[in-house]
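# Structural description and commentary
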Amino acid sequence: MIRVGINGYGTIGKRVADAVAAQPDMELVGVAKTRPNFEAETAVSKGYPLYAAIEDRLPLFEEAGIDVAGGVEELVEASDVIVDACPSGIGAENKALYEEYDTPALYQGGEDADLVDVSFNARGNYQEAEGADHVRVVSCNTTGLSRLLAPLQEEYGVQKARVTLVRRGGDPGQTGRGPINDILPNPVTLPSHHGPDVNTIFPSLSIDTLGIKVPATLMHTHSVNVQLEEVPTAEEVRDLLGAESRLFLVPEKYAIDGAGKLKEFAMDHGRPRADIWENCIWDESISMEGDDLYLFQAIHQESDVVPENVDAVRAVLGAADRDESMARTDEAMGIGF
Ligand code: NAD
């Protein structure tokens, strides 16, 4: 059994914890939290050992009547791999702790690429993480783009990808984020950070990205144009993408017109937290104009990186090859509609 610890039990950390706990070859050692809020209560109710991320705050947990298994150092020491899901920038501060205990660490997309040995997307570059001590699972948007571009690059070759990312202003729980009533080119300058981030997975791929922030919380939506080297029909692209386990082609007959109905669909399917781990590509949007492929996809920012974290655990330990790991993760989580 691979022993996995989670440091930072928020939006991403709590989902990765559940996904790890569901894997037959993994054991969740515990989760570390800074304060005894509702998420600490969730961890306790699920029976996950809770560790205090900051020693001085231990009394706060005691006052809240929450039993703590120990300090974060003990969690790091007891784990074969640690998943750091702390807010952006805190992962970098935690790196020395993981090095002290010689525990390989996975960081999230909010950290800088130069913090780590390898940036990771399971479909894109699984094998590069084998044996690495510090790995960054790329952000939700970069994950969504990498999953899409990997098969296109392999099958047809990509001349140039051009993507406009319509980004949710904040997650549903991020009450302080915005905009509330505006549409913001974000950033105003080109490129947005997403293109260069995709290049941490595919260094030679030519990609331009632009970002726009909107008053929405449910999902991101990408308007994608990929100029291909070999020219397939739209039907051939559909077959190629439809064969990928983490790409969901939203059938026209479902009459799903946006993120709201996608989330309803996920809830109808009993998905935990209404999570959608797959890219949602509108089937009828897949079009070829000359050598240009066009499509729309929606990305559930809070959950698409979760299976990638699970695969990265196996990758760093050399515990399975890519296809085996992805299949195991998919099956244990119930990926695929
Ligand atoms: P979050 O704020 O929801 O969760 C972070 C958790 O870490 C919180 O529970 C916080 O209390 C805790 N924390 C803060 N300081 C800590 C410390 N020193 N030690 C231990 N825990 C600490 O943040 P999130 O949205 O889960 O983001 C985590 C990372 O994942 C970031 O790098 C982010 O960029 C990345 N990410 C976020 C999303 C998203 O949409 N939310 C998507 C992909 C990647």
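Residues numbered from 1 in each chain as written. Predicted model: local features only at pLDDT ≥ 70, side-chain atom pairs only at ≥ 80, totals over all residues.

As annotated in an unreviewed UniProt entry, the chain carries the name Glyceraldehyde-3-phosphate dehydrogenase and is attributed to Halomarina oriensis. In its Subcellular location (unreviewed entry) section, the UniProt record describing the chain reads: "Cytoplasm". As stated in UniProt under Subunit (unreviewed entry), the record for the chain gives "Homotetramer." (UniProt positions renumbered as here; feature names shortened; annotations may be inferred.)

Turning next to the overall build of the chain. If you tally the helices and strands in the chain, you get 12 helices and 16 strands. In summary, the chain has a C-alpha radius of gyration of 20 Å against a globular reference of 20 Å for 337 residues, a match within 12%. Counting only C-alpha atoms, the chain reaches 65 × 45 × 40 Å along its principal axes. Of all 337 residues assigned to the chain, the portion counted as buried reaches 45%. Relative to all contacts within the chain whose residues are 6 or more apart in sequence, the contacts with residues 24 or more apart total 67%. (Helix = DSSP H or I, 4+ residues; strand = E, 2+ residues; numbered from the N terminus. Rg over C-alpha atoms; globule rule 2.2 N^0.38 Å. Buried ≥ 20, exposed ≤ 12 C-beta atoms within 10 Å, placed from the backbone. Contact = placed C-beta atoms within 7 Å.)

Time to look at the site of the ligand. Around the ligand, a shell composed of 26 residues is seen, among which Gly8, Gly10, Ala53, Gln108 and Gly110 lie nearest. Tallying contributions element by element places helix 1 (residues 11-21) first for the shell around the ligand, with 3 residues. The class makeup of the residues in the shell around the ligand is 10 nonpolar, 12 polar and 4 charged. (Near = placed C-beta within 6 Å. Nonpolar A, V, L, I, M, F, W, Y, C, P; charged D, E, K, R; others polar.)

It is worth spelling out the domain arrangement of the chain at this point. Assigned domains within the chain: domain 1 (2-137 + 305-333) and domain 2 (140-299). Relative to domain 2, the C-alpha centre of domain 1 lies at a distance of 26 Å. Counting residues at the interface gives 17 residues for domain 1 and 17 residues for domain 2. Of all the secondary structure elements, the ones that give two or more residues to the side of domain 1 that touches domain 2 are helix 1, helix 6 (122-125), helix 11 (306-317) and helix 12 (322-333). (Domains from an automatic or database assignment.)

We now examine the pairing of strand 9 (residues 158-168). Across 8 bridges, strand 9 lies against strand 12 (residues 220-228) in antiparallel orientation. Of the residues in strand 12, the one forming a bridge with Val163 is Val224. Examined bridge by bridge, strand 9 and strand 11 (residues 207-214) share 8 bridges and lie parallel to one another. Paired with Val166 across the two strands is Ile212, which belongs to strand 11. (Pairing = 2+ DSSP bridges.)

As a rule of thumb, non-glycine residues mostly have phi less than zero, and peptide bonds are mostly trans rather than cis. A cis amide bond links Gly178 to the next residue, Pro179, at an omega of 5 degrees. Structurally, the position occupied by Pro179 is in the loop between strand 9 and strand 10 (184-185). Omega for the bond connecting Leu190 with Pro191 falls within 30 degrees of zero, at -10 degrees, which places this linkage in the cis form. Not every positive phi belongs to a glycine, and Asp102 is a case in point at roughly 55 degrees. Classification of Asp102 as exposed rests on a count of 9 C-beta atoms within 10 Å.

Attention now goes to the UniProt feature "binding site: NAD(+)" (unreviewed entry) in the chain. Summarizing the sequence annotation, UniProt attributes the feature "binding site: NAD(+)" (unreviewed entry) to Thr11, Ile12, Gly110, Arg168 and Gln301 in the numbering used throughout. Topologically, Ile12 is positioned in helix 1. You can call Ile12 buried: it has 27 C-beta atoms within 10 Å. Not counting residues within four places of it along the chain, the set of residues in contact with Ile12 comprises Ala85, Gln108 and Val305. Structurally, the position occupied by Gly110 is in the loop between strand 6 (105-107) and strand 7 (118-120). Beyond its immediate sequence surroundings of up to four residues, Gly110 is in contact with Pro87, Ser88 and Gly89.

Relative to the 16 Å expected for 12 residues at 1.5 Å per residue, helix 12 spans 16 Å between its end C-alpha atoms, a close match to the ideal helical length. The secondary structure elements touched by the buried residues of helix 12 are helix 1, helix 6 and helix 11. Just downstream of helix 12, Gly334 is the residue with a positive phi angle, here 85 degrees. (Expected span 1.5 Å × (residues − 1).)

The next point concerns the environment of Ser287. In this fold, Ser287 is placed in strand 15 (residues 287-289). A residue is classified by how many C-beta atoms lie within 10 Å of it, and Ser287, with 12 of them, is exposed. Considered as a pair, Ser287 and Ala234 are 53 residues apart in the sequence and their alpha carbons are 5.3 Å apart. Beyond its immediate stretch of four places on either side in the chain, Ser287 contacts Ala234 and Tyr294.

Backbone hydrogen bonds hold the strands of a sheet together, and the pairing may be parallel or antiparallel. The 8 strands are arranged 4-3-2-1-5-6-8-7 in an open sheet whose pairing can be described as parallel. With one partner strand each, in any of the chains shown, strand 4 (70-71) and strand 7 form the two edges of the open sheet. Pairing analysis gives 3 bridges linking strand 7 to strand 8 (residues 134-137), with the strands arranged parallel. By the bridge assignment, Ser119 is partnered in strand 8 with Arg136. Against the sheet, helix 11 touches strand 1 (2-7), strand 2 (26-33), strand 5 (81-84), strand 6, strand 7 and strand 8, its axis set at about 160 degrees to strand 8. (Axes fitted to C-alpha atoms, helices over the stretch in contact; angles between N-to-C directions.)

Attention shifts here to helix 2 (residues 38-45). For helix 2, every residue scored as buried is listed here: Ala40, Ala43 and Val44. Take helix 2 and look down its axis: the buried residues cluster within an arc of 100 degrees, on one side only. In helix 2, the exposed positions that point more than 90 degrees away from the buried face belong to Phe38 and Ser45. Buried residues along helix 2 sit in contact with strand 2 and strand 3 (50-52). Once helix 2 finishes, Gly47 follows within two positions and takes phi at roughly 80 degrees, a positive value. (Arc of directions from axis to C-beta.)

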